[in-house]
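# Structural characterization, general
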Amino acid sequence: MAVTFSDLHTESGLKTLDEFLSGKTYVSGDQLTKDDIKVYGFVSEKPGSSFPSAAKWYDVVSSHLAASFPGKAQGVKFAGQGAPAEAAPAKPAAAAADDDDLDLFGDETEEDKKAAEEREAAKKTAKKKESGKSSVLLDVKPWDDETDMKKLEEAVRSIQMEGLLWGASKLVPVGYGIKKLQIMMTIVDDLVSVDSLIEEHLTVEPVNEYVQSCDIVAFNKI
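Just so it is clear, the model here is predicted, and its values are computed rather than measured.

## Let's talk about unusual backbone geometry
- For the bond from Glu-205 to Pro-206, the omega torsion is 0°, close enough to zero to count as cis.
- One can find Pro-206 in the loop between helix 7 (194-202) and strand 6 (211-221).
- The residue Asp-7 is not glycine, and still its phi comes out positive at about 50°.
- Checked against the element boundaries, Asp-7 lands in the loop between strand 1 (2-3) and helix 1 (11-21).

See the structure below:
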């Protein structure tokens, strides 16, 4: 069953995450999972020293992803850092419906348990009818520092097809004033090919007016 975090760009949200990660290396289990990637996508920058557990976790996840980033990061800080990219929805309703949500700090009622059991039964039935799904983290790079990143994200999200669901996103500095878009998506494996999505949609007209290239940062089966 999934845990629920919210407002991870705020002090209160980071405090909740820090308390949850106390004594842990990863969000779920003893190795990196898609849960870590999902939460990482909502944390706009490395938590400060007031949140030691969250900061340690952030470094661990960053180290796993570092091999996929070209060049050497110099480190950038932002004054008044807000939430992740404005155009990014908190969590799509369709994706939320796939999770058995559990409020980490609330009491589970009998109604919650019954609803969770019904959702689990529905999921098992659905899995017999559809193929597996994957969670993918993409790096989308602009042409230069003058590229309108809001329009770039709008162009990316304008690509719609059966089996594709866009998720959370954030802007990540890459140097020389240039930022790249890091965005999550969930795909149905039999319906969407990530390579085809990049080659036939994300890097061709009209999207390539803003997008120079795309790279797969992480790919996890759900």
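## What to know about helix 7
- Those residues of helix 7 lying buried are Val-194, Leu-197, Ile-198 and Leu-202. Looking straight down helix 7, one finds its buried side chains confined to an arc of 95°; they lie on one side. Relative to its buried face, helix 7 has exposed residues pointing more than 90 degrees away, namely Glu-199 and Glu-200.
- Looking at the buried side of helix 7, the elements it contacts are strand 3 (133-142), helix 6 (149-157), strand 4 (164-175), strand 5 (178-188) and strand 6.

## Remarks on the sheet that holds strand 4
- If you walk across this open sheet you meet the four strands as 4-5-3-6, and the pairing is antiparallel. The strands lining the two open edges of the sheet, one partner per strand, are strand 4 and strand 6. For this sheet the average axis-to-axis angle between neighbouring strands, irrespective of direction, equals 20°.
- When strand 3 meets strand 6, the two strands line up antiparallel, connected through nine bridges. In the sheet register, Leu-137 faces strand 6, and the bridge partner there is Ala-218.

## Concerning the packing of helix 1 against helix 3 (residues 52-65)
- Closest axis-to-axis distance for the helix 1/helix 3 pair is 7 Å, and the angle between their directions is 80°. Taken together, the axis directions place helix 1 and helix 3 in an arrangement best described as roughly perpendicular. Between helix 1 and helix 3, the contacting residues are Leu-17, Asp-18 and Leu-21 on the first element and Pro-52, Ser-53, Ala-54 and Trp-57 on the second.

## Remarks on the pattern of salt bridges
- For the structure shown, the criterion picks out six salt bridges.
- Of the charged contacts, one joins Asp-189 and Lys-221 as a salt bridge, the two residues approaching to 3.0 Å between their closest N and O atoms. Here Asp-189 is found in the loop between strand 5 and helix 7, whereas its partner Lys-221 is found in strand 6, with 32 residues between them in sequence.

## Some points on the packing of aromatic side chains
- In total, this model carries three aromatic pairs according to the counting rule given.
- Pairing Tyr-40 with Trp-57 gives two aromatic rings, centres 6.5 Å apart and planes at 65°, and the pair type is edge-to-face. Residue Tyr-40 is located in helix 2 (residues 34-42), and its partner Trp-57 is located in helix 3; the two are separated by 17 residues in the primary sequence. By the burial criterion, Tyr-40 is buried, and Trp-57 matches it.

## Overview of the pairing of strand 3
- The element strand 3 is extensively covered by neighbouring structure, given that nine of its 10 residues are classed as buried.
- For strand 3 and strand 5, the ladder comprises eight bridges, and the chain directions are antiparallel. Within strand 5, the residue paired with Ser-134 across the bridge is Ile-187.

Parameters at a glance
- Residues numbered from 1 in each chain as written.
- Predicted model: local features only at pLDDT ≥ 70, side-chain atom pairs only at ≥ 80, totals over all residues.
- Heavy atoms only, no water.
- Helix = DSSP H or I, 4+ residues; strand = E, 2+ residues; numbered from the N terminus.
- Buried < 20%, exposed > 50% of the residue type's maximum accessible area, 1.4 Å probe, protein only.
- Arc of directions from axis to C-beta.
- Contact = heavy atoms within 4.5 Å.
- Pairing = 2+ DSSP bridges.
- Axes fitted to C-alpha atoms, helices over the stretch in contact; angles between N-to-C directions.
- Parallel < 35°, antiparallel > 145°, perpendicular 65-115°, else oblique.
- Salt bridge = Lys/Arg side-chain N within 4 Å of Asp/Glu carboxyl O.
- Phe/Tyr/Trp six-rings, centres within 6.5 Å; stacked < 30°, edge-to-face > 60°.

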